Amino acid sequence: MQTPEAFKKTLKQEVARRVRDGQLELPMLPHIAQQVLLLAQKPDASVREMANLIEQDQYIAGRLISVANSPVYYGLHEVSNVQRAIMMLGLRVVTDLIFSVSVGAKIYRNKQFEGLMNELWRHAVASAYIAQDLTQRFGGTSEHAFLCGLMHDIGKPLIVDTLTDLTKRHPEEFPAALLSDEFVREILDEFHAPVGGLVARRWKFPESLSAAIVFHHEPLQDGQVIEPALLAAVANIFSHACGLGDRDTVRDPATHPFTKAFGITAEQAARVLPELEANATMFVDAFL
Ligand SMILES: [Fe+2]
Ligand SMILES: [Fe+2]
């Protein structure tokens, strides 16, 4: 049996090698998300067509209706079917929600690390809400605001899967008992941005979304601002400050240089934080 230190070293090397050689087993984009995205891009897409597509998956349709009825969106009438949900929220919002629901159901699932996955999922959904909200309040050029927030840490659940898979396939070299929560987090921090980049390529994400994923921890490159990455970075900081993060260090959005670079003053940041916290929590709860 190896020492925990030797185990950590070998496992990190193995993950690094797989990232470098592009040898990670990356899942397909959930089928329904792909279909909905394609249809939403068609200029003549109709509500009926979209509803038909979503109704093919009863689980996803049910989740969509329940989110549409959450206090974040709730209008005067209760939404009882997919077609009404689309008419009330619009094709764009419905596409974002289907993406969230299907990625949550298919990607953020791992029996061995259920608690960690739930935490990552809450953080993703909260960041999506916050990215959208910040764009509406303060402007910004990012075309896919919601998805920039939702997907910024998409590398993380996939690394969790890779690690559990390694311990299952090679129990002697990588004994599951040595895979502590703490160590998994350490690996996630180190590798999630490049792994996210591999996923973005595999899923054929638009360039701006891909940049948000790869550069969300360093959105300012040689004095240049990578806009979608800056949006994801700021949404990430607010999300943590709202208590909706994985156990990353919480930094005060009001004094963070990324917040300032985004054009939000310290005063504005302090003012919107409680409101964002209330709304993002409500939004996350709608997905449970
Ligand atoms: Fe991150
Ligand atoms: Fe994050």
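See the structure above.
Residues numbered from 1 in each chain as written. Chains lettered and ligands numbered in written order. Predicted model: local features only at pLDDT ≥ 70, side-chain atom pairs only at ≥ 80, totals over all residues.

Student: For this particular structure, what's the right way to read unusual backbone geometry?
Tutor: Among all residues save glycine, negative phi is the norm, and among peptide bonds the norm is trans. The backbone of Lys204 sits at a positive phi, close to 55°, despite the residue not being glycine. Locating Lys204 in the fold gives a position in the loop between helix 10 (181–202) and helix 11 (207–215). Of note in this structure, Asp222 is not a glycine but carries a positive phi near 45°. Relative to the elements of secondary structure, Asp222 occurs in the loop between strand 1 (220–221) and strand 2 (224–225). (Helix = DSSP H or I, 4+ residues; strand = E, 2+ residues; numbered from the N terminus.)

Student: Even after reading the chapter, I still don't get the packing of helix 4 (residues 58–68) against helix 6 (residues 91–106), so can you show me in this structure?
Tutor: Geometrically, a packed helix pair is captured by the angle between its two axes and the distance between the axes. Look at helix 4 against helix 6: their axes get within 10 Å of each other, and the N-to-C directions meet at 125°. If you check the angle between helix 4 and helix 6, you find them oblique. Regarding helix 4 and helix 6, the two cross each other, and that crossing is right-handed. Between helix 4 and helix 6, the residues in contact are Tyr59, Ile60, Arg63, Leu64 and Val67 and Val94, Leu97, Ile98, Val101, Ser102 and Ala105, respectively. Along the lines of polarity and charge, the residues of the contact of helix 4 with helix 6 split into nine nonpolar, one polar and one charged. (Axes fitted to C-alpha atoms, helices over the stretch in contact; angles between N-to-C directions. Parallel < 35°, antiparallel > 145°, perpendicular 65-115°, else oblique. Left-handed = near helix turned anticlockwise from the far one by under 90°. Contact = placed C-beta atoms within 7 Å. Nonpolar A, V, L, I, M, F, W, Y, C, P; charged D, E, K, R; others polar.)

Student: Help me out: how do you make sense of helix 2 (residues 31–41) in this one?
Tutor: Along an α-helix, residues three or four apart share an orientation, since each turn contains 3.6 residues. Of all the residues in helix 2, the buried ones are Ile32, Ala33 and Val36. The arc that holds the buried residues of helix 2, viewed along the axis, is 100°, so those residues lie on one side. Helix 2 presents His31, Leu38 and Gln41 as exposed residues on the side facing more than 90 degrees away from its buried surface. Looking at the buried positions of helix 2, the neighbouring elements they touch are helix 3 (47–55), helix 4 and helix 6. (Buried ≥ 20, exposed ≤ 12 C-beta atoms within 10 Å, placed from the backbone. Arc of directions from axis to C-beta.)

Student: When you look at the environment of Ser239 in this model, what are you seeing that I'm missing?
Tutor: With respect to the helices and strands, Ser239 occurs in helix 12 (residues 227–241). Overall, Ser239 belongs to the buried group, with 32 C-beta atoms counted inside 10 Å. Remark: the alpha-carbon pair of Ser239 and Glu277, spanning 38 residues in sequence, is separated by 7.9 Å. Leaving out residues up to four positions away in the same chain, Ser239 has contacts with His123, Ala126, Ser127, Ile130, Leu244 and Gly245.

Student: When you look at the environment of Arg17 in this model, what are you seeing that I'm missing?
Tutor: Note that Arg17 resides in helix 1 (residues 4–20). The class for Arg17 is exposed, based on 10 C-beta atoms found within 10 Å. Taking the C-alpha atoms as reference points, Arg17 and Pro30, separated by 13 residues in sequence, lie 26 Å from one another.

Student: Before we go on, may I ask you to explain the nonpolar core in this structure?
Tutor: Considering soluble globular proteins, one finds that nonpolar side chains tend to be buried as a cluster. In terms of nonpolar packing, the biggest core is built from 84 residues, with Leu64, Ile98, Ala131 and Val234 touching the most fellow members. No other element matches the 12 residues that helix 7 (residues 114–138) contributes to this core. Per-domain counts for this core show at least three residues from each of domain 1 (4–22 + 110–286) and domain 2 (28–106). For Leu64, the contacting residues outside a window of four places in its chain are Ile54, Val82, Ala85, Val94, Leu97, Ile98 and Val101. (Core = buried A, V, L, I, M, F, W, Y, C linked by C-beta atoms within 7 Å. Domains from an automatic or database assignment.)

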